[in-house]
Amino acid sequence: ACFGVEALLRWTDPVRGVIPPATFIPLADRAGLASQVDAFVLAEACATLRRWRDDPALGQLRLSVNIG
């Protein structure tokens, strides 16, 4: 049985394709945007949990979010 899931941040550029977190997270940090990225990820994770709340298969899952 699955008891939990982890939020994973991915960036897909229309030209370059998938940009790995090891590439874009340091860029966001250097640009002073890391806290905005963290806030976005946390907000999206909470929205996902709200959508899952009433689903018997998903409503009991725990969601882990790693933020800087």
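Attention here is on the structure that accompanies the text. Positions within a chain are numbered from 1, following the residues in the order the chain's sequence is written. Local features are withheld for residues below a pLDDT of 70 in this predicted model, meaning they are given only at 70 or higher, and side-chain atom pairs are given and counted only at 80 or more; totals for whole chains, interfaces and linings count all residues. Just so you know, side-chain values use all the structure's heavy atoms and leave hydrogens and water out.

## With respect to the packing of aromatic side chains
Aromatic ring pairs: the centre-centre distance and the angle between the two ring planes describe each pair.
Part 1 of the reasoning: Aromatic pairs are defined between Phe, Tyr and Trp rings, using the six-membered ring for Trp, whenever the two ring centres lie within 6.5 Å; interplanar angles under 30 degrees are classed as stacked, those over 60 as edge-to-face, and all others as tilted. A full pass over the atoms with the stated rule returns one aromatic pair.
Part 2 of the reasoning: Note on W11 and F24: the rings are 5.8 Å apart at their centroids and 85° apart in plane angle, and the pair reads as edge-to-face. Taken together, the positions of W11 in strand β2 (residues 11-13) and F24 in helix α1 (residues 21-30) put the pair 13 residues apart, joining distant regions of the chain.
Part 3 of the reasoning: Residue classification places W11 among the partly exposed positions, given a relative accessible area of 37%. Note on conventions: DSSP H or I runs of at least 4 residues are helices, E runs of at least 2 residues are strands, and numbering of each starts at the N terminus. Whether a residue is buried, partly exposed or exposed follows from its accessible area with a 1.4 Å probe, protein chains only, as a fraction of its type maximum: under 20%, in between, or over 50%, in that order.

## Considerations on the state of the cysteines
Part 1 of the reasoning: We call a pair of cysteine sulfur atoms a disulfide whenever their separation is within 2.5 Å. Applying the stated criterion to the full structure yields zero disulfides.
Part 2 of the reasoning: Not engaged in a disulfide, the cysteine C2 finds its nearest cysteine sulfur in C46; these two sulfurs lie 18 Å apart.
Part 3 of the reasoning: Here C2 falls in the exposed class, since its relative accessible area comes to 54%.

## Some words on the side chain of D13
Part 1 of the reasoning: The topology assignment puts D13 in strand β2.
Part 2 of the reasoning: Counted as positive: Lys and Arg. Counted as negative: Asp and Glu, with His and the chain ends omitted from the count. For this analysis, a salt bridge means a side-chain nitrogen from Lys or Arg found within 4 Å of a carboxyl oxygen belonging to Asp or Glu. We note that D13 is buried and unpaired, the nearest opposite charge coming from R16 at a distance of 5.5 Å.
Part 3 of the reasoning: Polar contact is defined as a pair of N or O atoms within 3.5 Å, subject to the rule that within protein one atom must be able to donate a hydrogen and the other to accept it, and that residues adjacent in sequence are counted only when both atoms are side-chain atoms. At 2.8 Å, the side chain of D13 forms a polar contact with the backbone nitrogen of V15.

## A short note on the environment of R62
Part 1 of the reasoning: In this structure, R62 sits in strand β4 (residues 62-64).
Part 2 of the reasoning: Residues R62 and V5, spaced 57 residues apart in sequence, show a C-alpha to C-alpha distance of 6.2 Å.
Part 3 of the reasoning: Here, residues are in contact when the closest pair of their heavy atoms is within 4.5 Å. R62 has contacts with F3, G4 and V5, leaving out every residue within four places of it along the chain.

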